[in-house]
Amino acid sequence: MATVAIDLLKNEIPVEEDEPLLLSGDVNTGLVLVDIVNGFCTVGAGNLAPVAHDKQISAMVDESVKLAKMFCEKKWPIYALCDSHHPDVPEPPHPPHCITGTDESKLVPALQCLENEPNVTVRCKDCNDGFVGSIEKDGSNVFVNWVKANEIKSILVVGICTDICVLDFVCSTLSARNRGFLSPLKDVIVYSPGCATFDLPVQIARNIKGALPHPQELMHHVGLYMAKGRGAKVVSEISFDTTTKET
């Protein structure tokens, strides 16, 4: 019944995907990795980590790693957001997670090499929204500065969770772009196979105080639908133009 319901919903609110994305050096493109950290992606790594192998999350990590390697080879800019919370500052309604200085707040093992790459900016954030989490105490924004310094016209967004941190970041970025705060940024592109969310079936959620059911496939679809509705492009295929030279 759940599968039938999801199929019905997808028919009612379809995500009309954009044309396959061809990446070349002709348009300055930046890759944004949202919260691909142990605390959300590595089995048993924390309160919000998967408790067993999760196909959707594993596929997201694999796709993100592939993209990150290509961007590093081409020396294109990468902005890696890492959820990181002070132990004395809760983030309701979530339980403690990704505590600063723990393995939970670190990039997954396959991406930890990015910390030593000159084209990569790693930003620790203490809230769902990576745009807001990039604001410094003096009011400056590390993400905005990254876009401007690299003259980025298009960003490609991947990560977890499709309907929470990815969506929040995409919506704030689109609003800032529309207000003219992110020149020369034009396109915000969400790569659907490079995104994932968590699964919390209703029968389990009922036994957790304060928890809401969160069917994975449905909420992943809703996240993509909402991003598309806010003005993002959504693609399921990406290729690289091998004829272009590295910058």
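In the block above lies the structure referred to throughout.
Note that this is a predicted model, so its numbers are computed, not measured. Residues take numbers from 1 onward in each chain, read along the sequence in its written order. Per-residue local features of the predicted model are confined to residues with pLDDT of at least 70, and side-chain atom pairs are confined, for both listing and counting, to 80 or more; whole-chain, interface and lining totals are unaffected and use all residues. Only hydrogens and water are set aside when side-chain values are computed; all heavy atoms of the structure are taken into account.

Participant: What is the right way to read the overall build of the protein from this model?
Facilitator: Segments assigned H or I by DSSP are reported as helices when at least four residues long, segments assigned E as strands when at least two residues long, and all are numbered from the N terminus. A count of helices and strands for the protein gives seven helices and eight strands. Whereas a compact globule of 247 residues would reach a radius of gyration of roughly 18 Å, the protein reaches 18 Å, a difference of no more than 12%. Burial classes: relative accessible area under 20% of the type maximum marks a residue as buried, over 50% as exposed, and values in between as partly exposed (1.4 Å probe, protein chains only). Residue burial in the protein is summarised as follows: out of 247 residues, 47% are buried. Whether two residues touch is decided by their heavy atoms; if any such pair falls within 4.5 Å, the residues are in contact. Pairs at least 24 apart in sequence give 76% of the contacts found in the protein among residues at least 6 apart. Accessible surface area values rest on a Shrake-Rupley calculation with a 1.4 Å probe, where residue burial reflects the displayed protein chains alone. In the form shown here, the protein has an accessible surface area of approximately 12700 Å², with 54% of it arising from carbon and sulfur atoms. Under the convention used here, Asp and Glu are negative, Lys and Arg are positive, and both His and the chain ends fall outside the count. A charge is said to be at NZ when it belongs to Lys, at CZ for Arg, at CG for Asp and at CD for Glu. Both charge centroids of the protein, one from 21 positive and one from 32 negative side chains, sit 4 Å from each other. Atoms counted for the radius of gyration: C-alpha only. Globule rule: 2.2 Å times the number of residues to the power 0.38.

Participant: Help me understand the packing of aromatic side chains in this model?
Facilitator: Aromatic ring pairs are reported here in terms of the distance separating the ring centres and the angle at which the planes meet. The aromatic pairing rule takes the rings of Phe, Tyr and Trp, using the six-membered ring of Trp, and pairs them if the centres are within 6.5 Å, calling planes under 30 degrees apart stacked, those over 60 edge-to-face and the rest tilted. Under the counting rule described, the total for this entry stands at eight aromatic pairs. An aromatic cluster of three or more residues is present, and its members are Tyr79, Phe131, Phe143, Trp146 and Phe169.

Participant: It is not clear to me how the layout of surface pockets should be interpreted in this structure. Could you clarify?
Facilitator: It is a probe the size of a water molecule, rolled over the atoms, that shows where empty space is left. A cavity here means a set of points on a 1 Å grid, drawn over the protein atoms and nothing else, where a 1.4 Å probe fits but cannot get out; a pocket is an open set with protein on both sides within 12 Å along at least five of seven lines, and a residue lines either one if it has an atom within 4 Å of a point. Grid points are joined across faces, edges and corners, and a volume is the space filled by probe spheres set on the points. Roughly 990 Å³ of internal volume is contained in the largest pocket. Looking at the largest pocket, it is lined by 32 residues, and the ones nearest its centre are Asn47, Leu48, Phe198, Leu200 and His214. When its volume is computed, the second largest pocket comes out at roughly 230 Å³. Along its surface, the second largest pocket is lined by 15 residues, and Leu21, Ser154, Asp187, Ile189 and Lys233 are the ones closest to its centre. Counting residues per element, the ones that place at least two in the lining of the second largest pocket are strand S1 (21-23), strand S6 (187-196) and strand S7 (233-235). No other element matches S1, which puts three residues into the lining of the second largest pocket.

Participant: Even after reading the chapter, I still don't get the pattern of salt bridges, so can you show me in this structure?
Facilitator: Where charged atoms from two side chains of opposite charge come close, those side chains can pair. Any Lys or Arg side-chain nitrogen found within 4 Å of a carboxyl oxygen on Asp or Glu counts as a salt bridge. Inspection of the entire model under this criterion finds eight salt bridges. Lys125 is the partner of Asp35 in a salt bridge, and the nearest nitrogen-oxygen pair spans 2.9 Å. Pair noted here: Asp35 is in the loop between strand S2 (29-34) and helix H2 (38-41) and Lys125 is in strand S4 (residues 120-125), with a separation of 90 residues, a long-range link. Summarising the burial analysis for this pair, Asp35 and Lys125 share the class buried. Here Asp103 makes a salt bridge to Lys106, at a shortest N to O gap of 3.3 Å. Residue classification places Asp103 among the exposed positions, given a relative accessible area of 52%. Note on Lys106: relative accessible area 37%, which makes it partly exposed. It is possible to trace a salt-bridge network through shared partners that takes in Asp35, Asp83 and Lys125.

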